[in-house]
Each structure stands twice: as C-alpha cells, then as structure tokens.
Amino acid sequence: MIKKELWVVVERDGSEIEDVSLEILGKSAVIAKSSGYSVTGIVLGTPEDGVVRDVIRYGADRVILLKHERLNQYSNDLYVKVLYDLISSELPAALLVGATYYGRDLAGRLAARLRTGLTANAINIKMDEKGLLVFGVPAYGGKIMAEIVCETARPQMSTVRPGTFSKVFDQGKKGKIVEVVPEISKVQDRVKVIDRKINKSKDLTKSEKTIVGGNGVGGDFSLVWKLAELTHSDVGVTRPLADKGIVPRELQVGTTGYSLKSKVALILGVSGSEHFTSGIRDCGTVISVDIDKGSEIFNHSDYCVVGDASEIIPAVIKKLEGKI
Amino acid sequence: MRNIIVCVKVVPKAENVIFDPATKRLDRSKAENQINDADKTAIEIALRLREKNGGKVILLSMGPPLFENYLKLGVAMGADDAILLSDRNFGGADTYPTALVLSTAITKIGDYDLILAGEESSDAALGQLPGQIAEFLDIPQVLFASSVKFEGGKLRVRRRIKGGHETVETSGPVMVSVEMGAVQPRFPNFEKMKWAVSGFHLKIWNSTELNLREEVTGLKGSLTLVKGLIEITPSKRKRVFIDGNVEEKSSRLAELLKERSLE
Ligand SMILES: Cc1cc2nc3c(=O)[nH]c(=O)nc-3n(C[C@H](O)[C@H](O)[C@H](O)COP(=O)(O)OP(=O)(O)OC[C@H]3O[C@@H](n4cnc5c(N)ncnc54)[C@H](O)[C@@H]3O)c2cc1C
Ligand SMILES: Nc1ncnc2c1ncn2[C@@H]1O[C@H](COP(=O)(O)O)[C@@H](O)[C@H]1O
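Residues numbered from 1 in each chain as written. Chains lettered and ligands numbered in written order. Predicted model: local features only at pLDDT ≥ 70, side-chain atom pairs only at ≥ 80, totals over all residues. Heavy atoms only, no water.

**As for the overall build of chain A**
A tally of regular secondary structure across chain A gives eight helices and 18 strands. In terms of overall dimensions, chain A has a C-alpha envelope of 70 × 45 × 40 Å along the principal axes. Split into buried and exposed, the 324 residues of chain A put 60% on the buried side. Contacts spanning at least 24 positions in sequence make up 61% of the contacts within chain A whose residues lie at least 6 apart. Within the structure as shown, chain A displays about 13100 Å² of accessible surface, and the carbon and sulfur contribution to it stands at 51%. Each charge class in chain A was averaged separately, 44 positive and 41 negative side chains, and the resulting centres sit 3 Å apart. (Helix = DSSP H or I, 4+ residues; strand = E, 2+ residues; numbered from the N terminus. Buried < 20%, exposed > 50% of the residue type's maximum accessible area, 1.4 Å probe, protein only. Contact = heavy atoms within 4.5 Å. Areas by Shrake-Rupley, 256 points an atom, 1.4 Å probe, with all protein chains shown as cover. Lys, Arg positive; Asp, Glu negative; His and termini not counted. Charge placed at Lys NZ, Arg CZ, Asp CG, Glu CD.)

What follows is the structure, encoded as structure tokens:
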C-alpha cells in the first residue's frame, strides 16, 4: 500500500539546513493540510538535535533520521542506497528533493533505481482532485511552464527549484522522530573526494542591494565594482561573465547560480533570458540599463533606461561621487 | 584509454520556439536546431582527452533522422564515430526510456572508460539523464564537472558543488556530465566536414538492433506525462522608462539608487 505521505529529503551542511529544503517542507505542509496527507522529513547522518527539531518546526509531522557517521557528507553511492532501501519498504506517495548540485546528483539516479518518474526543477506543485501531484516546470528557456504528472509509478518524484516556495515556521510544532540505522558497511563509495574548496565570498541570496553586470557591460568590469562600492551594494553577474572567469561563479545570478532577494537590484547590460530573470523575481525594485530598447530585461524591470552602459555607469559614478 | 562515448542531443534554439496560447502547442517548425551547448563542451573535453591518452571518441544520440547532420558536425570537430539511435517507437520518451535506450547502446558499443554528457539540455533542462544512464550501467557518476583528467588509469574530475568545487577521483568506467562553457569547443574542420558529409558512414540503430521491446521505449516506456503547457506570464513590474540624455538619465539613476538605499 502506498502511504499518503509526502517525503522531503533534507539537505544540510553540518547544522545548517539548506533553505530549499525548508521551503519544500513549507509547501508540502500546505498541500498535506488540505488533502489528508502527512509530511516526513528525511535527515541523513548524525546531526545535532536542533536540526531534527527544526525540520519539524518548518513543517514535518515526522522525521526519519537515517543515522550513520558516513552519511554526514553527501555521497551518491551511499545516499542512493539508503534512500532506495527506506523508500522501497515504506512506499511514500511522493519524494521531493531540492534542485541543488547534490540534490540533482541524487534524484536522477534514485528515480532510475526506484523505477519511477522524476520531474526536474519544479516551480509549482499542486495536488489535483485525484490526489495526483502536478509539477509545474519551466521549459524552453522558461517562456512556458509544462505541467507534469507521474500516474503509474511511485513515489512521485521531483526536484524543486531553490527560492520558489516560502518557508513556514511554527515554534511550537510537535512531531515524531524515528531513528533508523542503515546497514552500509559493505557499500563502497566509488567516487573519492580528494579536495574541497568553498569560496568564502559573499552569499548573494542575502544581499540587500545588488548591482548585476551582464555581457553588455563590456570589457571593463572595474566600474561596476566602483559603483557597487559607492552605493554599498554587492556585485552579481550573468552566466557568461562567470564562465569567462571575470568574477567567481559564486556571484552568478540565475537558475544555475543564485536567486536574489534584494530590496533593489540594478541590472546593467543583460538581455533577460529566463535562466537569468528567474533569479531576480523576488527582488523589490529592479532598475535596468540596456542599449537595446527591445531588450527582454525591461519586461522584468520597474525602471528602464535605454542607453550605453559604458556612458551611463561613469556618469552615475560621477553624480554619486559629487554629491554623497 | 579505451572508448570515450559522448551523449549528444540536438535542441531547438529556445528563442525560436513559438508558443501558441490558443492551441497550447509549441511550434518548433521555424526553430533552428543546434547541438546542445553543454554537449559541445563535452565533445571538446573528449577530443582533448583522446589527444593526450589515445582511444576513440564516439558520439551517441537518440533522436529523429534530422539529428544526423548535427552528429556529422561533431565528426567534423574530430570525433571518430557517431551512432544515431532512431526508431519510431523511441518518440515521446521521457528520461527513463531515454536512459534505457542510450545505456543499452553504450553496452553494445562496449569497451569504454568514460561516458560524457552535458550537464543539462537547454530544451528539457532536466540534468537527470546522466545519473540515470550511470544507474542502468551500474557505473559511478560525477556530475557538473569543469575538468576531466586521466592519470595513471584513474580519472580525476573537478566538479561544481554549492559555493565552490570538489576534486574527486574514480577508477574504471564512469559517467561524467560537464558544465556548459567549461572549455571552448573547437569549430568543425572544413576538410573533415567534407568527409563527414560524403565519406563517413553514420550508423543508425533501431529497436531491433538494440533488442528493445516496444513497451519499454518511447512514450509507452515513459513514467511521466506532460498534461499541459502554460505560458508563463511576465512579471508584474512597473516598466517605467526614464527618458532624456545621458546626463538626465544618470541623474535620475543616481537619485533612484540613493532613495532606495534609505528605505
Ligand atoms: C542550462 C543553462 C543554464 C543557464 N544558467 C544561467 C544562469 O544561472 N544565469 C545566467 O545569467 N544565465 C544562465 N544561462 C545563460 C542564459 O541563457 C543567457 O545566455 C545569459 O543570461 C545571457 O547573459 P547576458 O544577458 O549577460 O548576455 P547577452 O545575452 O549577450 O546580453 C547582453 C545584453 O547587453 C546589452 N548591451 C550590449 N552592449 C551594451 C552596452 N554598451 N550598454 C548597455 N547594454 C548593452 C544587449 O542589448 C543585451 O541585452 C543558462 C543557460 C543554459 C542553457
Ligand atoms: N536524446 C538524447 N540523446 C543523447 N544524449 C542525450 C539525449 N537527451 C539528453 N542527452 C544527454 O544528457 C544530457 C542531460 O540532458 P537532460 O537530462 O535532458 O537535461 C544532455 O546534455 C546530453 O548529453
């Protein structure tokens, strides 16, 4: 029997839970409430108690803790194995995973082993009259959203795009905690991590004010930094600039970068591909400069300036330097 | 090195795909096609590995006959061989049967050290096929890689993780998906292009050659279903255009930036 349970794989780095996991818990709780389902958060490794408690406070009715030292760090071989074992014996109706690097690495392979359907990068989830989950996913550069269902196989699986749903916190929420110690002594990790480098650069998702430069800024990026300094803003870029190594990848905004929640974002020389604009959807005020009057970016902006960035940026800098 | 098999998909350029809100259908007829950008990156990485370590680069794609010409472009870039998996029954596949068909073909080719794919395809943008192929082949996977080196029988791969990157090592056959833009793909060589078009024989395998029953491939073998398409409504932004000369525009911009900083 398939259980009326929505499962969420909780991704964490030590005691810090990924925002996207909390967002999915929040959304699942909303869906569960109106449909008679319950929410289970799956936590792997040996986290501090606070982690498990938070998973409940953010929406889970129950936590299954897959407790093993070896699971504190993500490993495709180990995670797929323990989750496959648990899911094929518990049979939940759905399994949701954040569309992070690790989440996507996990989901494809797990779905294949479970022989179930997987939807990627959902930006919308709802339950229809028949109790089937309908996942909305962006397609063709995001002009269109496809509605995808998995009718015949279980669990219904999807990865969920970070920054899509809101977190819901309830300090007093109670839930059940189930500990399972998986048998993995014979499982080998075929991919050995030799070195890990995390850039300690600015966390763009927490930036209050951001100036984003795109291809249209041209060769000299120093003026963007200067403008950012004058306005106490952080700097972000479109993917081509990160690809070229003009700034580290950690400053990239968009579907394969970070989503901004800034109060104000100034966007310079960006064409407005959906891969980018999905990353500025949650900004307060968006101000854009582009040389092309027809640029798609203007459809995503509150204030639009048609002009050459190489003229506008120095002029704005002059104004700010003169008056501040 | 033994064979390097590169999974290649041909995709329509996103900006050319037209959505008709009335019929809720996509019109791809006017769209220009191209090899998926990340897959082109994968081909380039394969060619560089071969130049250093020997072996053969084999392109593999599942799709309609129109893919042929694009695979030949890959051959003109320098690939040794190309195989198209094409059959009426393969149509309408989601990732599960696609991974099944591709992995069956990979097993048939055999003798490989490395399977390369793009991080994701620009039309479907799932990024899940590589992991599924790896599962069907029961080989390890390393996704979102920016560099792949072959040293002393081992593969050393740099892959993207949140906030940085990891260097990992594996031995034996492995599936690696590569980031678009990790290296600059070379252009097709003109002489090779002439040969690819007139001398080269592109293999086409169908379901009989792969020994795959109709029920497990294509639409029938799919586990997900597209129920409908919805146009994403553009954001409800103000879209106020600021007019004037450079002087006036930049004054207004400076004001806007200052106002907003005080909020
Ligand atoms: C799988 C996948 C994932 C992706 N993920 C991301 C992502 O996370 N983030 C991202 O940003 N992109 C991503 N992309 C790429 C995305 O599709 C676009 O190609 C990219 O966002 C374009 O960057 P851009 O706007 O800076 O450059 P362009 O598209 O080249 O646009 C440059 C803009 O600058 C304007 N311009 C030119 N000269 C001037 C001037 N002198 N002054 C002012 N304006 C000028 C032009 O009119 C144009 O609008 C992804 C693509 C794929 C396929
Ligand atoms: N039909 C196909 N034939 C060959 N390779 C494919 C096909 N579809 C996807 N791929 C490969 O899998 C990668 C990821 O695709 P996707 O999971 O669709 O985002 C692509 O970059 C290709 O390398």
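After presenting the structure, the write-up continues.
**A few points about the environment of Ile43 of chain B**
All names here are of chain B. Summarising the element assignment, Ile43 is placed in helix α1 (residues 37-53). By relative accessible area, Ile43 is classed as buried at 0%. Among all residues touching Ile43, those that are not within four sequence positions of it are Val6, Val8, Ile35, Leu59 and Met77.

**Examining the side chain of Ser207 of chain A**
All names here are of chain A. On the secondary structure map, Ser207 appears in the loop between β13 (192-198) and β14 (209-213). A distance of 2.8 Å separates a polar atom in the side chain of Ser207 from a polar atom in the side chain of Thr210. Within the structure, Ser207 has its side chain in polar contact with the side chain of Asp234 (distance 2.7 Å). Setting aside residues up to four positions removed in sequence, Ser207 forms contacts with Lys202, Asp234, Lys261 and Ser262. (Polar contact = N/O pair within 3.5 Å; in protein donor to acceptor, adjacent residues only side chain to side chain.)

**So, the site of ligand 1**
Around ligand 1, the surrounding shell holds 27 residues, and the nearest of these are Thr238, Val253, Thr256, Ser271 and Asp290 of chain A. Each of chains A and B places residues near ligand 1. With respect to ligand 1, the side chain of Thr238 of chain A contributes an N or O atom lying 2.6 Å from an oxygen atom. One of the backbone nitrogen or oxygen atoms of Arg239 of chain A is found 3.0 Å away from an oxygen atom of ligand 1. If ligand 1 stood free it would expose 980 Å²; the protein chains cover 79% of that surface. (Near = heavy atom within 4 Å.)

**Topic: the pattern of salt bridges**
In total, this model carries 46 salt bridges over all chains according to the counting rule given. Lys197 of chain A serves as the salt-bridge partner of Asp195 of chain A, at 3.2 Å between the closest nitrogen and oxygen. The partly exposed category is assigned to Lys197 of chain A, whose relative accessible area is 45%. Connected via shared salt-bridge partners are Arg239, Asp243, Arg249 and Glu250 of chain A together with Glu119, Arg160 and Glu179 of chain B. (Salt bridge = Lys/Arg side-chain N within 4 Å of Asp/Glu carboxyl O.)

**Here's the deal with the nonpolar core**
Core analysis: the largest hydrophobic core is formed by 45 residues, its most contacted members being Leu227, Leu266, Ile267, Leu268 and Ile280 of chain A. Here this core takes six residues from helix α8 (residues 309-323) of chain A, the largest share from any one element. Residue contacts for Leu266 of chain A: discarding those within four places in its chain leaves Thr210, Ile211, Val212, Leu227, Ile287 and Val289 of chain A together with Leu253 and Leu257 of chain B. (Core = buried A, V, L, I, M, F, W, Y, C linked by side-chain atoms within 4.5 Å.)

**A word on the site of ligand 2**
Residues and elements named next belong to chain B. In the neighbourhood of ligand 2, 20 residues make up the surrounding shell, with Cys7, Asp39, Met62, Ser121 and Gly127 lying closest. Ser121 is positioned with one of its side-chain polar atoms (N or O) 2.7 Å from an oxygen atom of ligand 2. Residue Gln128 places a main-chain N or O atom 3.2 Å away from an oxygen atom belonging to ligand 2. Contact with the protein chains hides 97% of the accessible area of ligand 2, taken as 480 Å² for the molecule alone. When contributions to the shell around ligand 2 are tallied by element, the ones reaching two or more residues are β6 (57-62), β8 (112-118) and α4 (129-137). Counting residues per element, the shell around ligand 2 draws most heavily on β6, which supplies three residues. A per-class count over the shell around ligand 2 returns eleven nonpolar, six polar and three charged. (Nonpolar A, V, L, I, M, F, W, Y, C, P; charged D, E, K, R; others polar.)

**Digging into the domain arrangement of chain A**
All names here are of chain A. By domain assignment, chain A separates into domain 1 (3-180) and domain 2 (204-320). Between the C-alpha centres of domain 1 and domain 2 there is a distance of 33 Å. Between domain 1 and domain 2, the residue contacts involve seven residues of the former and eight residues of the latter. In total, about 650 Å² of surface goes out of reach between domain 1 and domain 2, with carbon and sulfur atoms giving 35% of it. There are one salt bridge connecting domain 1 and domain 2. In this structure, Arg161 and Glu274 form a salt bridge, with 3.8 Å as the shortest nitrogen-oxygen distance. Viewed at the interface, domain 2 and domain 1 are joined by one residue pair in polar contact (both at pLDDT 80 or more). Classifying every residue of the side of domain 1 that touches domain 2 gives two nonpolar, four polar and one charged. (Domains from an automatic or database assignment. Buried area = accessible area lost by both parts, 1.4 Å probe.)

**Describing the sheet that holds strand β10 (residues 144-149) of chain A**
Taken in spatial order, the four strands of this open sheet run β8(A)-β9(A)-β10(A)-β14(B), and their pairing is antiparallel. With partners counted over all chains shown, the strands left at the sheet margins are β8 (124-127) of chain A together with β14 (225-231) of chain B, one partner each. Within this sheet the neighbouring strands show an average axis-to-axis angle of 25°, counted without direction. (Pairing = 2+ DSSP bridges. Axes fitted to C-alpha atoms, helices over the stretch in contact; angles between N-to-C directions.)

**Quick word on the interface of chain B and chain A**
The partner chain A presents 81 residues to the 72 residues of chain B that form the contact. Between chain B and chain A, a total of about 7400 Å² is buried, with carbon and sulfur atoms accounting for 56% of that surface. Of all residues in chain B, the largest losses of buried area upon contact with chain A belong to Leu223, Arg237 and Leu257 of chain B, amounting jointly to 10% of the total for that side. For the pair chain B and chain A, the interface holds twelve salt bridges. For Arg113 of chain A, the salt bridge is made with Glu135 of chain B, and the minimal N-O distance between the two is 2.8 Å. Applying the counting criterion to the chain B and chain A interface returns 39 residue pairs in polar contact (both at pLDDT 80 or more). The greatest single-element share of the side of chain B that touches chain A, amounting to 13 residues, is contributed by helix α8 (residues 246-262) of chain B. Considered class by class, the residues forming the side of chain B that touches chain A number 31 nonpolar, 17 polar and 24 charged. The sheet contact formed by β10 of chain A and β14 of chain B spans six bridges and is antiparallel.

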